[in-house]
Every structure is written in C-alpha cells, then in structure tokens.
Amino acid sequence: MKTAIVTALIIILIGLVALLWIEEEKKPSTFDRSGRIREFKKSPLEDGAPWPMFHGAPQLTGAVDSSIPDTLALYWRFKTGGEIVSSAAIQDGRVYAGSEDGNLYALDLATGNEVWRYPTGDSIESSPCVVEGTVYIGSSDSFLYSIEAETGEMKWKYKTGNRILGGVNWAQLPGDENARILVGSYDSKLYCLRADTGKPIWIYKSDHYINGTPAVADDLVVFGGCDDRIHFVSIESGTAIARVDAGSYIAASPAFADNRAYVGHYEGEFLCVDVKQEKIIWRYKGQAPFFSSGALAKDRVVFGGYDKRLHCVNRETGKKIWTFPTRGKIESSPAIAKDKIIVGSNDGRLYMIRLSNGSRIWSYEIGAPVKAAPAIAQGRIVVGAGDGTIYAFGP
C-alpha cells in the first residue's frame, strides 16, 4: 500500500514539473538555450524623438523630454570584435555605433540584428552623426567617412592629419541649402566640410589635440582642447570669436546652452563659461579628472568623474546638489530623461539615478567597463561596453 502511494506521488510530482517546464517554455525569452538571441515579436517601438548623435542633439545637452520606467529589461545584445567606446546614434529604427574592431555597425533597433557593417582602416572611438539619411563618423585611420544610412555604401571620405577620436556634429546656416559637418582631429584642427561632397569650407587651427565632440548652437561651434582652452568659433567663417583659458587640458565635450558652455578638465574642475563675457562664471572643484561630458537639466548639470562619482551641481551657481558613488571611474557621459539619469561606470554597471536627489533606482551588471554614453530614443536605451557588446534595454 505504501509503495503504491509513493509511486502515485512521484508520478504527480513528475507531472507538475513537466507542466511548469511547458509553461516556462511558453514565456518569451531574449536568449535561447545556446545563448544566442531568440527572435520573437515585440510590441511596437514607442514614439519619440531620435538620438542621431553623441548626446542627442547639436548642443550636446544629453537630455530628452520623455519618461522611462523605474525598471528596465535587456531586449537584445550584439557582439562586435572590439571594445565599444563609440556612443550610439538612433535614427529611423536603426542603431549606428562604431567598434574598436574598425567597423561601423548598423543594427535593427527592434531586434538587434545586423543590417550592414562598414570597415574603416583602424579602430573607431568616434561617435556617429546621422544627418538626412547619411551617417558621418571618424576613425583612427585619420579619415572622416560619409556612409549611406540605408545601404552602408560610402559616399566620400576626407583625410585629416591624424586620428579622429571625437564625435561628429553638424550645422545648417539660414539660406544655405547644404549642411556643414564639423569634426576635430588629433592634428589639432577643427574641420568644417560640405555634407554632400566632403570638400572643406574652412579649417580652424588650435594648439593641441582635439579629443571631444564640438557643440553647436546658432552660429557658434564650441570645443575644448588639449591646449587648455575653450574655443568659440564662427560656423560661417571659421574665425575665432573667443578663447578662454580653462587651466588644464580638456578631453570631454562641452554642453552648450544660453550662451554658456559647461565642461570639465583634467585637473578636476568643471567649468561654466560665458561666451559673451568671455570668462569663466563658476568653477566646481572635484577630487580627480573629469573626462565625462555634462548633461543639462533645467536648473542643474550632471557629469561623471575619475573619483568614481556622478556629480550634480546647480547650473547657475556651480554649487553641489548631490553626488552618487560607484565602484569605478565614470568616463561615460550621462543622459537625462525627465527625472531620471542613465550612466555607465568602469565598475561594469549601467545605472539609473533619480535626478532630484541622486538616489539609485535601478542598475544592470554588464561585467565590463561602460565608457560609452547611453543613447535614449523610441522607448529604448542603447549603450556599448568594454566587452565589445552593444546592449539595448526597454520597459
């Protein structure tokens, strides 16, 4: 009798386990048992503004007026052959990002599937800029490339005097039918090229390497250089409007709004510079270099430091509001979505932080340094990491 009862219980238990396994298999999973991305239908992408370049827009403010949920899920990941430092651009349902394997990749935003890749002659740290159906990106082979966004075919390339590590920006002046492409090089020059042909309109000479992405607003292009200066240059003529001594070399990209540039430098100061007054309005003193570029909210600016902290200060006064500690240097440039901040750290994590008080909302363990800046568009957050993988998160 006891044997029969035990046998019946075992049969029931096996049936329950089998039923649970079947139900689990019905659930959509991002990855199959071999670890490859599983293809399955997702809900339509949310409407929203694109993120066509580093920090989202020519002013490099790094902010969008859209909400993201308190918890994110990994939607897909795409493996490349080299570290990802290039920050992704998102436009028309595609993701564009460079890799240190030398390729520019175009991926489907919904699935992460590769659409095309374009090989350059060296590693890519530069961030792409998408303008009117064309992707512009620099490479360590010293060339700036113009690539057809739909097909991945090269339109033109322009050779500078040294490698291009910073991102690409663009501008279009009133009455000018052709856009202008702007990029800095390690040959110490800022280039302004015709978008359609790649022919130079003007070339501005600084006194040392240009590492970051130039910011654009109205008729001004603004960049910091390794010559310890912040340069304000006319987009129309390429002549200097102002040069302000920063006190140390600048590797980050400035955020530019209301005639003021916000940028940090190697000696651990973050600056607010007024172009009309041609002077520094305030200095925020940190403990370590600032390589992260600032993101601008209405009344505050947020940036990472080599001191392993994310800093939030008042935009008008430069006074500290809060700091958020991580376990690694922060080279990633934060992105703001209304009341939330997304930023990576060299501790291998991607963080979501409350803008109002600096509290942690969510984090994801990638396991490799996250130096690239996150991109936020169409209900997705896309970021690359030191393991050579591009990650996409969503609700």
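Predicted model only: the values in this text are computed from it and were never measured.

## Here's the deal with the packing of aromatic side chains
Considering all chains together, one arrives at 23 aromatic pairs under this definition. Ring centres 6.3 Å apart and planes at 85° place the aromatic pair Phe 270 and Phe 290 in the edge-to-face group. Taken together, the residues Phe 270 in strand S21 (residues 269-274) and Phe 290 in the loop between strand S22 (279-285) and strand S23 (295-296) connect sequence positions 20 residues apart. Of the two residues, Phe 270 and Phe 290, neither departs from the other in class, the shared state being buried. Ring geometry for Trp 362 versus Tyr 364: centroids 6.4 Å apart, planes at 25°, classification stacked. For Tyr 364, a relative accessible area of 23% puts it in the partly exposed group. Three or more aromatic residues joined by ring pairs form one cluster here, namely Tyr 262, Phe 270, Trp 282, Tyr 284, Phe 290 and Phe 303.

## Describing the pattern of salt bridges
The tally for this structure, following the rule as stated, stands at 19 salt bridges. Across the pair Asp 245 and Arg 229 runs a salt bridge whose closest N-O atoms are separated by 3.5 Å. Of the two residues, Asp 245 sits in strand S18 (residues 240-245) while Arg 229 sits in strand S17 (residues 229-234), which places them 16 residues apart along the sequence. Between Asp 339 and Arg 354 there is a salt bridge whose closest N-O contact spans 3.1 Å.

## Re the confidence of the model for the protein chain
Considering every residue of the protein chain, the mean pLDDT works out to 90; 88% of them sit at 70 or more. Below a pLDDT of 50 lies the segment residues 16-47, which in the model reaches 34 contacts outside its immediate sequence neighbourhood of four places, other chains included.

## Concerning the sheet that holds S22
Ordered by their spatial adjacency, four strands build an open sheet running S19-S20-S21-S22, and the pairing between neighbours is antiparallel. Each edge of the sheet is formed by a strand with only one pairing partner; in this case those strands are strand S19 (255-257) and S22. Here the strands of the sheet are splayed against their neighbours by 15° on average, with no regard to which way each runs. Strand direction decides the pairing type here: S21 and S22, joined by six bridges, are antiparallel. From the neighbouring strand, Phe 270 faces S22, where its bridge partner is Tyr 284.

Reading the values: the criteria
Residues numbered from 1 in each chain as written. Predicted model: local features only at pLDDT ≥ 70, side-chain atom pairs only at ≥ 80, totals over all residues. Heavy atoms only, no water. Phe/Tyr/Trp six-rings, centres within 6.5 Å; stacked < 30°, edge-to-face > 60°. Helix = DSSP H or I, 4+ residues; strand = E, 2+ residues; numbered from the N terminus. Buried < 20%, exposed > 50% of the residue type's maximum accessible area, 1.4 Å probe, protein only. Salt bridge = Lys/Arg side-chain N within 4 Å of Asp/Glu carboxyl O. pLDDT = per-residue confidence, 0-100. Contact = heavy atoms within 4.5 Å. Pairing = 2+ DSSP bridges. Axes fitted to C-alpha atoms, helices over the stretch in contact; angles between N-to-C directions.

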